[in-house]
Amino acid sequence: MRPKKGWRMLAELAAAACLVGSLSLGTLADPALPEPAAPEQEGGAPLAGEAIDGMKLAATAGDLSLLVAESGEYAGEFCLRDEASGLSWFSNPTDKTSDTTSKGSPRFEMFSQLIVYGYDTATNGEKTVNSYIGAQRGAGVTVTAIPHGFCALYRFESVQLEIPLYVTLSEDGLEIRSPLDELKENGTFRVVKLALAPYFGSGGPEDDGYLVVPDGSGARINFNNGKSWAEPYTALLYGENLSLASERKLTDPEPASLPVFGINRNQTGLLGVVGEGGAEAEITAYTAGQRNTRNTVYANFILRNVDTVVIGESGLSETKEVVQYDLDHRNMKACSVRYYPLETGKYTYADMAVRYRALLLEQRGAAQAVDTGPYFVAELYAGIVRPKTYFGLTFQQFDTLTDYQKVSDIRRELQEAGIQGATMLYRNWSKDESAYKLPNKIRPASGLGSKKELQELLADGLYLSFSPLTIRKNGNGFWSFLDASKRMSREPVLVYTYQLSTHYKNSEVAPGYLPNLQALTEALEAFRRSSEQYGAENLYLTDLGSTLYTNFDRKKYATREEFQERAVAFCKDWDGRLAVQKPNGYVLPYIDAAVGLPMDSSLFDVEDASIPFYQIALSGVIPYTSEAVNLSSNPRRTILKSIETASSLYFAWIGSNGADIQETALNHLYGADYARWKEDAIAAQKELDAVFERIGTRIISGHETLADGVTRTAFENGKSVVINYTAQPVETSYGTVPASGYLVV
């Protein structure tokens, strides 16, 4: 450890940096709190607000007030207060000292505003510190005024670490932010993960309510649900980092696509939205008994990546796992979370989703939610490349499944059947996508029809698929040795499928590559220019809006955040319309339709129910669809889910007999031929059109579970629909709901 004098000088410099640009508000004596134990600072701006309940007023905005403990044992604790309703949200439990059941670190975390997970390069060991013990029970915390709030500087003397936390207030909520360029690692300890305000708004053993997590469509975790035996919920926002994929995958969970979480505590609602650093944020939720006595949900930010390298052949016993830390890079420049307290009487997960919808509308520059009307999506697969043998030689040949004429025929037949708003998505139409090459130009596959026919379809609104992250072969300027992203081991990232029987990577199927940022940028720009020249205005993104990864190449290193920025830039700059498969939240302000949204959560043990948070948030913003009806295990349930969530129907089809794709990469489409599903699809769409004609809108305002397998969705105009997923009629206060049916009220 460095001499205390040098350490103190560094702390003073960091604290001064935390105050750059701050406004001195004067000094107000507070006899209720002892003087700060921290060293004096030059140019510091003490809090000037009045003392309230042992805290000082740091800022006001509208009806909201921000208070903070300026010094003493609990320095840095803060409170968000709604003066109109009298409700308060505290950074730490107010009854934490009376909790005698929690012990050790789990207990002291309830006293902390930060939890730091790190790695000590001197001992080669992992270590976790919290701000209460690590910052010497308040002695290492310096709280100073900044515009609209305060800055708390935490000095962890035992690991020679300094972390600033900025807490600022606006009329609609609170932002908690840590600028990482001000984080100082003065010793051998390196921060790997950082949790911001992990107990803000948490509920205790005597509270009623639940946690909301962005698992798939959304999930509810009830307070005190007795599931201390279950694994806590934790998920990386925007899907797994494919550059860190493990050798074995035991589960295939739904992605956490929206940067949100929520708390309903005693009929008060709080929505959390992850801001900066979201590409490397984990959402973590504990119910009481899993960590301590609290029910809480928060964001963990991954500042540095950790990988596990397997030495030896995957699936064999003669293997060894080696853990690698990337200590040379930080994944983000800052990490932040915004909290929005819901107005009085608004506290359900549906209310939280409606609040998030308002944020999306604001980002899109829309004044209000608008009914998207009838919408129907048909995804048509043009063809497939497969090996053919001639005179003993094997060639790769493109076989047509749905040519241009068939696309036109299907559109016409749907229109003649009365289906309005049919959107056609065209997959595997290009030489590149069907051959798993990096697409950088409009290159229609041969055998589908003429250029004139394709351009007529494009003029009629056809969407062409674009899959720049699904690459298995070199070509079009892409060479895996130079242009593929790398793992920490400096080997190319290989994207495998996994065997259902063993859960290990399937080495019998060729793995995919992920382009580095430079190769991806060049391909996106080249494809955009080619599309403009060809007249292709509508694009269907199958992977760009839902996939993030890291490139650990020493010379071309790029974070998930940088790949996210590239995807956002492409969507913002696209002049036509964009449909996106399972979009992540960062592209929602810039796209026109969301395809294949998850209908449920992953149903983890800790969860108590799936909720349609994603669909409620998108209703009135853009059209969105269910999962493919004809590929689901229970098409009737998918149709009912579409009614419950106001989702449009989505079918994945091929124009020819499904037997043509057996034992190919499109084997999952077996039986998906259009002729087989045409009448069922038309009937299902007419059923939905009739339901929503009776309801009069698709904008959702509320949602609840009435009983097992019975839900009610409320709409903006006051109408509701009750869904019965059970095999028997159900009596409700709204009337009798038929088996596998619904009731509009």
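In the block above lies the structure referred to throughout.
Visitor: Talk me through the overall build of the chain; I want residue IDs and the actual numbers.
Guide: Each helix and strand counted, the chain has 13 helices and 39 strands in total. The principal-axis extents of the C-alpha atoms in the chain amount to approximately 90 × 65 × 50 Å. For the chain, the proportion of its 745 residues judged to be buried stands at 57%. Look at the contacts in the chain between residues 6 or more apart in sequence, and 65% of them connect residues 24 or more apart. Across the chain, 70 positive and 92 negative side-chain charges occur, with their mean positions spaced 4 Å apart.

Visitor: So what about the pairing of strand 27 (residues 422–427)? Which residues, and what values?
Guide: Side-chain positions along a regular strand alternate between the two faces of the sheet. Of all six residues that make up strand 27, six are buried, and the element is covered over most of its length. The alternating pattern of strand 27 places Ala422, Met424 and Tyr426 on one face and Thr423, Leu425 and Arg427 on the opposite face, and all of these are buried. Sheet topology note: the strand 24 (residues 376–381)/strand 27 ladder contains six bridges and is parallel. Bridge assignment links Ala378 to a residue of strand 27, and that residue is Met424. Here strand 27 runs beside strand 28 (residues 463–466); their pairing, made up of two bridges, is parallel. Bridged to Leu425 within strand 28 is Tyr463.

Visitor: I'd like to hear about the sheet that holds strand 20 (residues 296–302), residue by residue, with values.
Guide: What links the strands of a sheet is backbone hydrogen bonding, and the strands pair in either a parallel or an antiparallel sense. Pairing within the open sheet is antiparallel, and its six strands lie in the order 7-6-13-20-19-16. Of all the strands in the sheet, the pair left with one neighbour each is strand 7 (125–130) and strand 16 (233–236). Each neighbouring strand pair of the sheet contributes to a mean axis angle of 20°, computed without reference to strand direction. For strand 19 (residues 281–286) and strand 20, the ladder comprises six bridges, and the chain directions are antiparallel. Directly across from Thr284, in strand 20, lies its bridge partner Tyr298.

Visitor: Describe in detail helix 4 (residues 349–363), supporting the description with residues and values.
Guide: The end-to-end C-alpha separation of helix 4 is 21 Å, in line with the 21 Å expected for 15 residues at 1.5 Å each. Considered for burial, the residues of helix 4 that qualify are Tyr349, Ala350, Asp351, Met352, Ala353, Tyr356, Arg357, Leu359, Leu360 and Leu361. Phi for Gly365, located one or two positions after helix 4, is positive at around 75°.

Visitor: Describe the sheet that holds strand 27, and please don't skip the residues or the numbers.
Guide: One open sheet holds the seven strands; their spatial order is 31-30-29-28-27-24-33, and the pairing between them is parallel. With one partner strand each, in any of the chains shown, strand 31 (593–595) and strand 33 (649–653) form the two edges of the open sheet. Recorded for the sheet is a direction-independent mean angle of 25° between the axes of neighbouring strands.

Visitor: Run through the side chain of Asn630, naming residues and quoting values.
Guide: By the element assignment, Asn630 lies in the loop between helix 11 (613–618) and helix 12 (635–645). A polar side-chain atom of Asn630 sits 2.6 Å from the main-chain carbonyl oxygen of Ala652. Residues within four places of Asn630 in sequence aside, it is in contact with Tyr650, Phe651, Ala652, Trp653, Ala672 and Trp677.

Scoring rules and cut-offs
Residues numbered from 1 in each chain as written. Predicted model: local features only at pLDDT ≥ 70, side-chain atom pairs only at ≥ 80, totals over all residues. Heavy atoms only, no water. Helix = DSSP H or I, 4+ residues; strand = E, 2+ residues; numbered from the N terminus. Buried < 20%, exposed > 50% of the residue type's maximum accessible area, 1.4 Å probe, protein only. Contact = heavy atoms within 4.5 Å. Lys, Arg positive; Asp, Glu negative; His and termini not counted. Charge placed at Lys NZ, Arg CZ, Asp CG, Glu CD. Pairing = 2+ DSSP bridges. Axes fitted to C-alpha atoms, helices over the stretch in contact; angles between N-to-C directions. Expected span 1.5 Å × (residues − 1). Polar contact = N/O pair within 3.5 Å; in protein donor to acceptor, adjacent residues only side chain to side chain.

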